[in-house]
Amino acid sequence: MHTRISSLIATAFGLALTFSAANAQLLLSGHTTGSFVDLAEANTTVDNAPDGSSAKFSTGIPWEDSSQSIISFTNATFNNVGSGELIQAGLFEITNGMTLLGSGAPTAQFNLGLQLTAPEWQAIALTTITFHIDHTPNGESGVPDQFSVSFDQPVPVKIGDYLVQFHVNFDPTHFPIAENATVQRGDVTVSFTPVPEPSTYAAFGAALLVGLVAYRRIRSSKTLPTLPAAA
C-alpha cells in the first residue's frame, strides 16, 4: 500500500517538474513587424512596407522651410530568444516638424506584431500603440511639442504546445521634442513567459490533489501504540 501511495506522490511531483522544464525550452526566432493605421486625417500620409519591415507616418502643413512631423519605424530580427529575454522591437525615429497650428493629426496608431520563423511559422499581432501629439503654439522661439504613447498589453497566444504571454515595454511613455528636432526611440522591447493553459492547470491541480490525498492516507495509517488495559 505504501509503495502505491509513494508512486502517486512521485507522479504528482513529476508532472510539476516536467511542466516547468518544458516551459524553459521554448525559444523564438523571427522578426518584428509594424504598420501605421490610415485614419484619413487631413494633411496626413501613411506608407507601410508590404512585409511590415518599415512604416512611415507624416502629418501637418510645414511652415516655411520646415518639414512635416514624421514617425518612421524600422523593424528588427531576433534569434533563439528564451523566456524572459528581450526582443528588440526595432527603431522609431520621430521628427517634430514646425507645422501650421491645427494642420497636423493629434494621434497616430501603429500596429506592432511578430513574424515567427521558429519554433513554427506564425504571425502574431501584439498590440496597437497610439502616439499622442500635443502641437504647441510658438512665439519667437519654438516650444517643444509633447509626445506620449499608450497601448494595451497583449493577450496570451498559442505557440505550438505553449500558451505564451507577451509583455511590451515602451520607455519613456512621455517625451518632449523640440521644433525641427528628431529623436530615436529604440527602447521598445517585448518579452514573453510561457503560462499553463486552463487544461494544464486542471491536470496539474489534479496531480497535486492526488499527492495530498496520498499523504493524508499515510498519516492516517500510522496508529498510536496500544496502551495496556487498566487493572
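Residues numbered from 1 in each chain as written. Predicted model: local features only at pLDDT ≥ 70, side-chain atom pairs only at ≥ 80, totals over all residues. Heavy atoms only, no water.

Draft legend 1. Just the overall build of the protein chain, in detail. When its secondary structure is counted, the protein chain shows two helices and 15 strands. When each of the 231 residues of the protein chain is scored for burial, the buried share is 38%. Within the protein chain, contacts between residues separated by at least 24 positions form 62% of all contacts whose residues are at least 6 apart in sequence. Here the protein chain has roughly 13000 Å² of accessible surface; of this, 57% comes from carbon and sulfur atoms. (Helix = DSSP H or I, 4+ residues; strand = E, 2+ residues; numbered from the N terminus. Buried < 20%, exposed > 50% of the residue type's maximum accessible area, 1.4 Å probe, protein only. Contact = heavy atoms within 4.5 Å. Areas by Shrake-Rupley, 256 points an atom, 1.4 Å probe, with all protein chains shown as cover.)

Draft legend 2. Up close: the packing of aromatic side chains. For the structure on display, the rule yields ten aromatic pairs. Taking the centre distance of 6.0 Å and the plane angle of 35 degrees together, the rings of Phe 92 and Phe 170 count as tilted. Separated by 78 residues along the polypeptide, Phe 92 in strand 7 (residues 90–96) and Phe 170 in strand 12 (residues 162–170) bring together distant segments of the chain. By relative accessible area, Phe 92 is classed as buried at 1%. Joined through ring pairs, the aromatic side chains of Phe 36, Phe 57, Phe 73, Phe 92, Phe 110, Phe 131 and Phe 170 make up one cluster. Taking the ring centre of Phe 175 as reference, the NZ or CZ of Arg 185 above it sits at 4.5 Å. (Phe/Tyr/Trp six-rings, centres within 6.5 Å; stacked < 30°, edge-to-face > 60°. Lys NZ or Arg CZ within 6 Å of the ring centre and 35° of its normal.)

Draft legend 3. Looking closely at the sheet that holds strand 12. Read from one edge of the open sheet, four strands run 6-15-12-11, paired in antiparallel fashion. The open sheet terminates on both sides in strands that have one partner only, identified here as strand 6 (87–88) and strand 11 (157–159). Alignment of strand 12 against strand 15 (residues 188–195), held across eight bridges, turns out to be antiparallel. Within the sheet, the bridge partner assigned to Leu 163 lies in strand 15 and is Val 195. (Pairing = 2+ DSSP bridges.)

Draft legend 4. Focus on the side chain of Arg 185. As for its position among the elements, Arg 185 is in strand 14 (residues 181–185). For the buried residue Arg 185, which engages in no salt bridge, the nearest side chain bearing the opposite charge is Asp 187, 4.9 Å off. (Lys, Arg positive; Asp, Glu negative; His and termini not counted. Salt bridge = Lys/Arg side-chain N within 4 Å of Asp/Glu carboxyl O.)

Draft legend 5. Highlighting the pairing of strand 8 (residues 107–118). Relative to strand 8, strand 1 (residues 27–36) runs antiparallel, the two being bridged by eight bridges. Bridge pairing in strand 8 links Thr 33 to Gly 113. In textbook terms, the turn of a hairpin is the stretch between consecutive antiparallel strands, and for strand 8 and strand 9 (residues 122–134) this stretch comprises three residues.

Draft legend 6. Region of the structure containing the environment of Val 157. Within the secondary structure layout, Val 157 lies in strand 11. For Val 157, a relative accessible area of 18% gives the class buried. The spacing of Val 157 and Pro 194 is 37 residues in sequence and 9.6 Å in space, taken between C-alpha atoms. The residues touching Val 157, leaving out its near neighbours within four places in the chain, are Gln 122, Ile 124, Tyr 162, Leu 163, Val 164 and Phe 166.

Draft legend 7. Geometry of unusual backbone geometry. Omega for the bond connecting Ala 118 with Pro 119 falls within 30 degrees of zero, at 10 degrees, which places this linkage in the cis form. Checked against the element boundaries, Pro 119 lands in the loop between strand 8 and strand 9. The amide bond that connects Asp 171 to the next residue, Pro 172, takes the cis arrangement and shows omega of 0 degrees. Within the secondary structure, Pro 172 is located in the loop between strand 12 and strand 13 (174–177). Phi at Asn 43 takes a positive value of approximately 60 degrees, unusual for a residue other than glycine. Turning to its location among the elements, Asn 43 is positioned in the loop between strand 1 and strand 2 (44–48).

Draft legend 8. Region of the structure containing the nonpolar core. Within the largest apolar cluster, 39 residues are counted, with the highest numbers of intra-cluster contacts made by Phe 36, Phe 131 and Phe 166. In contact with Phe 131, not counting residues within four places along its chain, are Phe 36, Ile 71, Phe 92, Ile 94, Pro 106, Thr 107, Ala 108, Phe 110, Ser 148, Val 149 and Phe 170. (Core = buried A, V, L, I, M, F, W, Y, C linked by side-chain atoms within 4.5 Å.)

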